[in-house]
Amino acid sequence: MGQQHAWLLLSRFSSLRRANVVLQHLRMSVHTEAAEVLLERRGCAGVITLNRPKFLNALSLNMIRQIYPQLKKWEQDPETFLIIIKGAGGKAFCAGGDIKAISEAKKAGQSMTQDLFREEYILNNAIASCQKPYVALIDGITMGGGVGLSVHGRFRVATERSLFAMPETGIGLFPDVGGGYFLPRLQGKLGYFLALTGFRLKGRDVHRAGIATHFVDSEKLQKLEEELLALKSPSAEDVAGVIESYQAESKMDQDKSVIFEEHMDKINSCFSANTVEQIIENLRQDGSPFAIEQLKVINKMSPTSLKITLRQLMEGSSKTLQEVLTMEYRLAQACMEGHDFHEGVRAVLIDKDQSPKWKPAKLQEVTDEDLNGYFRSLGSRDLKL
């Protein structure tokens, strides 16, 4: 009996061990999925860390679905006084939305294309209306969806490693996430130039353009964050004071000329036209090396995207953010049904041949009727904010 009892105990122990291994594996699987974004309560703040460094913290639907409810909870929590968002890995804040996954989902007939844009824009609006100070540390690459997670917040801190761009016209899309709201409100016609060409702003230029509200040396970001977390019941003014003290210490690239400033007269004159065709004609007539370079860039972009983008910015210049996001949701759904977005993703991210075959291939083939179709109301399927 003693030996049988021993075998029984051993058997049970082995079963328990196996069960523990399975449970541990399940916990790891859940943790791995959840770890795309880290949500922590630290000091006086809620801290959001975008945690997909191998993918330059590209924004997924799963991440949006974790961030939004937590943001709303912290906004209502009397013990949370500010919200900080940052990216892991040191290379990117967030390089954009996971557009490859969006294209694949659409081809597979999944609803993700509707869900992701809808929930992302609802999150963008929640950031803009957040009652607590919202601090985005935009250190590294900040494009597309990453811009949506930062530019609508009260504080956007750039560093010398910041790289901003809205390159959507090169993948058959348009500068969404509220681009139709903030881009036309930049100085002169700078936003139109950035939107149509996908031009990249780096370092201090991100701050000088008005994308960022502050500039701090990247090596001081950790210390800045710690000082913000240590504040006791801070007001928005207290948060601003801390960030401004770090900005005042920064001497990096202080005397460097603004990359777009020397071209602002050309940008304002060439990009003030009401049609893409006239913008191209203005660049041709200008004939400067800068203008010729922009011509080359624009000629590679999707003709449909260029026309959508110009109209998006012109209409968005007099709309509220909520109205712009509703308009952009319509545009996004129309682009998902079209050819150019999926062709752009193929050329840039899948086959990587960088040779998209746009349809239509020429600007004059994109009619006003075509364009009106993109801006048409979706009725009951429209975005509700």
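Structure: see above.
## Observations concerning helix α17 (residues 368–375)
Three or more residues of α17 are buried, namely Leu371, Tyr374 and Phe375. Taken down its axis, α17 places every buried residue within 95° of arc, on the same side. Those residues of α17 that are buried lie in contact with α14 (303–316) and α15 (321–337).

## Details of the sheet that holds strand β9 (residues 201–202)
Pairing between sheet strands relies on hydrogen bonds along the backbone, with the strands arranged either parallel or antiparallel. Spatial ordering of the open sheet is given by β4-β6-β8-β9, a layout of four strands whose pairing is mixed. Each end of this open sheet is capped by a strand with a single partner; those strands are β4 (92–94) and β9. Relative to strand β6 (residues 141–143), β4 runs parallel, the two sharing two bridges. If you follow Cys94 over to β6, its bridge partner there is Thr142.

## A look at the pairing of strand β1 (residues 37–42)
Note on strand geometry: in a regular strand, side chains alternate between the two faces of the sheet. With six bridges joining them, β1 and strand β2 (residues 45–50) adopt antiparallel strand pairing. Paired with Arg41 across the bridge in β2 is Gly46. Between β1 and β2, which follow one another and run antiparallel, lie two residues, and Gly43 among them has a positive phi close to 55°.

## Observations concerning the pairing of strand β3 (residues 82–87)
Counting buried residues along β3, five of its six residues qualify, which places the element largely inside the surrounding structure. Remark: the β2/helix α2 (residues 61–76)/β3 crossover connection has right-handed handedness. Both β3 and strand β5 (residues 134–138) contribute to a ladder of three bridges, which runs parallel. Residue pairing across strands places Ile85 opposite Ala136, the latter belonging to β5.

## A short note on α2
Counted at 1.5 Å a residue, the expected span for α2 with its 16 residues is 22 Å, and the 23 Å between its end C-alpha atoms agrees. Those residues of α2 lying buried are Leu61, Met63, Ile64, Ile67, Leu71, Trp74 and Glu75. The arc enclosing the buried residues of α2, seen along the axis, measures out at 150°, which places them on a common side. Opposite the packed face of α2, turned more than 90 degrees from it, sit the exposed residues Lys73 and Gln76. Packing partners of the buried residues in α2 comprise β1, β2, β3, α4 (112–129) and β5.

## What about the packing of aromatic side chains?
Tallied over the full model, the rule gives four aromatic pairs. With a centroid separation of 5.0 Å and 40° between ring planes, the pair formed by Phe193 and Phe199 is classed as tilted. Residue Phe193 is classed as buried on the basis of its relative accessible area, which comes to 1%. You can call Phe199 partly exposed: its relative accessible area is 21%. Ring centres of Phe193 and Phe290 lie 5.7 Å apart, and the angle between their planes is 50°; this geometry places the pair in the tilted category. Separated by 97 residues along the polypeptide, Phe193 in helix α7 (residues 190–197) and Phe290 in helix α13 (residues 289–298) bring together distant segments of the chain. The buried category is assigned to Phe290, whose relative accessible area is 11%. A network of ring pairs unites the aromatic residues Phe193, Phe199, Phe271 and Phe290 as a single cluster.

## Concerning the sheet that holds β3
Overall, mixed pairing links the six strands, which are arranged β1-β2-β3-β5-β7-β10 in an open sheet. In this open sheet, the two strands that pair with only one neighbour each are β1 and β10 (214–215). In the sheet, β2 pairs with β3 via six bridges, with the strands oriented parallel. For Thr49, the partnering residue across the bridge sits in β3 and is Lys86. Each of β1, β2, β3, β5 and β7 (155–158) is contacted by helix α9 (residues 221–229), which is oriented at about 160° to β3, the strand it contacts most. Along the sheet, helix α10 (residues 236–249) makes contact with β3, β5, β7 and β10, crossing β7 at roughly 15°.

## Some points on the nonpolar core
If you look at the biggest cluster of nonpolar residues, it comprises 91 residues, and the most contacted ones within it are Leu50, Tyr121, Leu149, Phe164, Leu190, Ile211 and Phe271. No other element matches the 10 residues that α15 contributes to this core. The contacts of Ile211, once residues within four sequence positions are left out, are Val151, Arg156, Phe164, Phe182, Leu186, Leu201 and Val206. In terms of nonpolar packing, the next biggest core, distinct from the first, is built from 20 residues, Phe155, Val157, Leu228 and Ile243 among them.

About the thresholds
- Per chain, the residues get numbers from 1 upward, laid out in the order the sequence is written.
- Local features are withheld for residues below a pLDDT of 70 in this predicted model, meaning they are given only at 70 or higher, and side-chain atom pairs are given and counted only at 80 or more; totals for whole chains, interfaces and linings count all residues.
- With hydrogens and water stripped out, all remaining heavy atoms of the structure feed into the side-chain values.
- To sort residues, take the accessible area from a 1.4 Å probe on protein chains only and compare it with the maximum for the residue type: under 20% means buried, over 50% means exposed, and anything in between is partly exposed.
- Per the convention used, a helix needs a DSSP run of H or I reaching at least four residues, while a strand needs a run of E reaching at least two, with both numbered from the N terminus.
- Here the arc refers to the set of directions running from the helix axis out to each C-beta atom.
- What makes two residues a contact is simply this: any of their non-hydrogen atoms within 4.5 Å.
- When DSSP locates at least two bridges between a pair of strands, those strands are taken to pair.
- If you view a crossover with the strands going away from you and the path from the first strand over the helix to the second runs clockwise, you call it right-handed.
- The span you would expect from a helix comes to 1.5 Å times its residue count less one.
- Note on ring pairs: Phe, Tyr and Trp rings are taken, using the six-membered ring of Trp, and paired if centres are within 6.5 Å. Classes follow the plane angle, with under 30 degrees stacked, over 60 edge-to-face and the rest tilted.
- Angular values range over 0 to 180 degrees, each being the angle between N-to-C directions of two axes fitted as lines to C-alpha atoms, with helices fitted over their stretch in contact.
- Think of a nonpolar core as a cluster: buried Ala, Val, Leu, Ile, Met, Phe, Trp, Tyr and Cys residues, connected wherever their side-chain atoms sit within 4.5 Å.

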